[in-house]
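Survey of secondary and tertiary structure
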Amino acid sequence: QVQLAESGGGSVQAGGSLTLSCVASGRIFSIGRMAWFRQSPGQDREFVAVYVWSNMSTYYADPVKGRFTLFRDSGKVAVSLAMNNLVPEDTAVYYCAAGLDRGEDSRGESYAFWGQGTQVTVSS
């Protein structure tokens, strides 16, 4: 099993910044990619960004390109999502996810392990 622990959520005003972190534990050798998704009440879960371990590549959903940056934390199986220029539309519960396969995948069904989520609220 893989366990994922998210942290860093909070409330900010529009234009502000937050950084989310996700630390993996357990059978971390099986992880091929780690991603962030988000979900607002009544909405489907939305892909945000993914980090692929095999080639250290990142991929971003269009709404966050140029504003969010996903990077690996040094010395551990963990990623952080630096969110800048936040807008109210970014308000959601953000979930960290890990998958066994290598390569980019924006489908939630492709990720076997999920964290509990952390709330991000952006006010205008």
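Quick notes on the rules
- Residues numbered from 1 in each chain as written.
- Predicted model: local features only at pLDDT ≥ 70, side-chain atom pairs only at ≥ 80, totals over all residues.
- Heavy atoms only, no water.
- Helix = DSSP H or I, 4+ residues; strand = E, 2+ residues; numbered from the N terminus.
- Rg over C-alpha atoms; globule rule 2.2 N^0.38 Å.
- Buried < 20%, exposed > 50% of the residue type's maximum accessible area, 1.4 Å probe, protein only.
- Contact = heavy atoms within 4.5 Å.
- Areas by Shrake-Rupley, 256 points an atom, 1.4 Å probe, with all protein chains shown as cover.
- Lys, Arg positive; Asp, Glu negative; His and termini not counted.
- Charge placed at Lys NZ, Arg CZ, Asp CG, Glu CD.
- Disulfide = S-S within 2.5 Å.
- Core = buried A, V, L, I, M, F, W, Y, C linked by side-chain atoms within 4.5 Å.
- Pairing = 2+ DSSP bridges.
- Axes fitted to C-alpha atoms, helices over the stretch in contact; angles between N-to-C directions.

Some remarks on the overall build of the protein chain
- Helix and strand counts for the protein chain come out as zero helices and 11 strands.
- When the helices and strands of the protein chain are listed from N to C terminus, the series reads β-β-β-β-β-β-β-β-β-β-β.
- Relative to the globule expectation of 14 Å for 124 residues, the C-alpha radius of gyration of the protein chain, 13 Å, shows essentially globular dimensions.
- C-alpha atoms of the protein chain, sized along the principal axes, occupy 40 × 30 × 25 Å.
- A burial count over the protein chain gives 44% of its 124 residues as buried.
- Across the protein chain, contacts joining residues at least 24 apart in sequence account for 57% of those joining residues at least 6 apart.
- As displayed, the protein chain offers around 6400 Å² of accessible surface, 45% of which is attributable to carbon and sulfur atoms.
- With 10 positive and 11 negative side-chain charges, the protein chain shows a separation of 8 Å between the mean positions of the two kinds.

Some thoughts on the environment of Ala 112
- Examined against the element boundaries, Ala 112 turns out to sit in the loop between β9 (92-99) and β10 (113-114).
- The spacing of Ala 112 and Asp 73 is 39 residues in sequence and 21 Å in space, taken between C-alpha atoms.
- In contact with Ala 112, other than residues within four places in its own chain, are Ala 98 and Gly 99.

Quick word on the state of the cysteines
- Under the definition given, this model contains one disulfide.
- Each sulfur in the disulfide pair Cys 22 and Cys 96 lies 2.0 Å from the other. Since a negative S-S torsion denotes a left-handed disulfide, the Cys 22-Cys 96 link at about -85° is left-handed. In this pair, Cys 22 is assigned in strand β3 (residues 18-26) and Cys 96 in strand β9, connecting sequence segments 74 residues apart.
- Under the relative-accessibility criterion, Cys 22 is labelled buried at 0%.
- On the accessibility criterion, Cys 96 (0% relative accessible area) is buried.

Focus on the nonpolar core
- Membership of the largest hydrophobic core comes to 29 residues, with the highest contact counts inside it found for Leu 4, Met 34, Trp 36, Leu 81, Met 83 and Tyr 94.
- Looking at this core, the elements that each hand over two or more residues are β1 (2-7), β3, β4 (33-39), β5 (46-52), β7 (68-72), β8 (78-83), β9 and β11 (118-123).
- Residues in contact with Leu 4, not counting those within four places in the same chain, are Cys 22, Val 23, Ala 24, Met 34, Cys 96, Ala 97, Ala 98, Phe 113, Trp 114 and Gly 115.
- Of all hydrophobic cores here, the second largest spans seven residues; its members include Phe 47, Val 50, Ala 61 and Tyr 111.

Some details on the sheet that holds β3
- Taken together, four strands build an open sheet; the order of strands is β1-β3-β8-β7 and the sheet is antiparallel. Strands with a single pairing partner mark the edges of an open sheet, and in this sheet they are β1 and β7. Each strand axis lies, on average, 15° off the axis of its neighbour in the sheet, ignoring direction.
- Across six bridges, the pairing between β3 and β8 is antiparallel. Bridging across to β8, Leu 20 finds its partner in Leu 81.

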